[in-house]
Amino acid sequence: MAKCIHAMLRVIDEARSVAFYRTAFALEIAERLEFDDFILLYLRNNEADFEVELTVNKGRVEPYDLGDGYGHLAFCVDDLDGEHARFTAAGLAPRKIVEFNRDGALLARFFFVQDPDGYQIEVLQRHGRYR
């Protein structure tokens, strides 16, 4: 059976991106691999084995075109309101908390935040299928 192990994002500024993911999601560098033309950074925390892989293409200065597909990463947390307040205090500019209901029952509570390169990240209250 296949196991999802990482999601890769192309970023411009290594330090700025690592600082964002550390502040927002307590992700630390598990491994940093430097090559002639690019750097791979694997970020994770103790909550899961899944990693965020950041790719820094050396010499790239213009932002990447993220397109209009609106893909995103998602993290779940125990205390959504507390995390929203923490993100706000850290200057990460989270959007408002949204409650999404289906058939009269709560399906999800979440907010989105944008990383330094414009990627959208969903932060969900640990609930139901979001564990």
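This text follows the structure it describes.
Please read these numbers as outputs of a predicted model, since none were measured by experiment.

Caption draft 1: Spotlight on the overall build of the protein chain. In terms of regular secondary structure, the protein chain is built from 2 helices and 8 strands. Overall, the protein chain shows an N-to-C arrangement of helices and strands of β-α-β-β-β-β-α-β-β-β. Relative to the 2.2 N^0.38 estimate, which gives 14 Å for 131 residues, the radius of gyration of the protein chain is 16 Å and therefore close to what a compact globule would have. Across its three principal directions, the C-alpha atoms of the protein chain cover 55 × 35 × 30 Å. Residue burial in the protein chain is summarised as follows: out of 131 residues, 35% are buried.

Caption draft 2: Focus on the sheet that holds strand S7 (residues 105-114). Strand order in the open sheet made by the 4 strands is S5-S8-S7-S6, with mixed pairing throughout. Of all strands in the sheet, those with a lone pairing partner are strand S5 (72-77) and strand S6 (98-102), marking the two edges. Sheet twist, expressed as the average angle between the axes of neighbouring strands with direction ignored, equals 30°. Against the sheet, helix H1 (residues 14-25) contacts S5, S7 and strand S8 (120-125), and its axis sits at roughly 10° relative to S8. This element, helix H2 (residues 80-89), spans S5, S7 and S8 of the sheet and lies at about 15° to S7.

Caption draft 3: Here's a closer look at the packing of aromatic side chains. A full pass over the atoms with the stated rule returns 8 aromatic pairs. Measuring from centroid to centroid gives 5.0 Å for Phe 20 and Tyr 21, while their planes differ by 85°, and the two rings are edge-to-face. Given a relative accessible area of 7%, Phe 20 falls into the buried group. Ring geometry for Phe 110 against Phe 112: centres 5.9 Å apart, planes inclined by 90°, an arrangement best described as edge-to-face. Taken as a pair, Phe 110 and Phe 112 share a single burial class, namely buried. These aromatic residues form a ring-pair network of at least three members: Phe 20, Tyr 21, Phe 25, Phe 75, Phe 87 and Phe 111. Taking NZ or CZ as reference, Arg 60 lies 3.9 Å from the ring centre of Tyr 64, over its face. Cation over ring: Arg 129 sits above Tyr 130, and NZ or CZ is 5.8 Å from the ring centre.

Definitions and cut-offs
- Residues numbered from 1 in each chain as written.
- Predicted model: local features only at pLDDT ≥ 70, side-chain atom pairs only at ≥ 80, totals over all residues.
- Heavy atoms only, no water.
- Helix = DSSP H or I, 4+ residues; strand = E, 2+ residues; numbered from the N terminus.
- Rg over C-alpha atoms; globule rule 2.2 N^0.38 Å.
- Buried < 20%, exposed > 50% of the residue type's maximum accessible area, 1.4 Å probe, protein only.
- Pairing = 2+ DSSP bridges.
- Axes fitted to C-alpha atoms, helices over the stretch in contact; angles between N-to-C directions.
- Contact = heavy atoms within 4.5 Å.
- Phe/Tyr/Trp six-rings, centres within 6.5 Å; stacked < 30°, edge-to-face > 60°.
- Lys NZ or Arg CZ within 6 Å of the ring centre and 35° of its normal.

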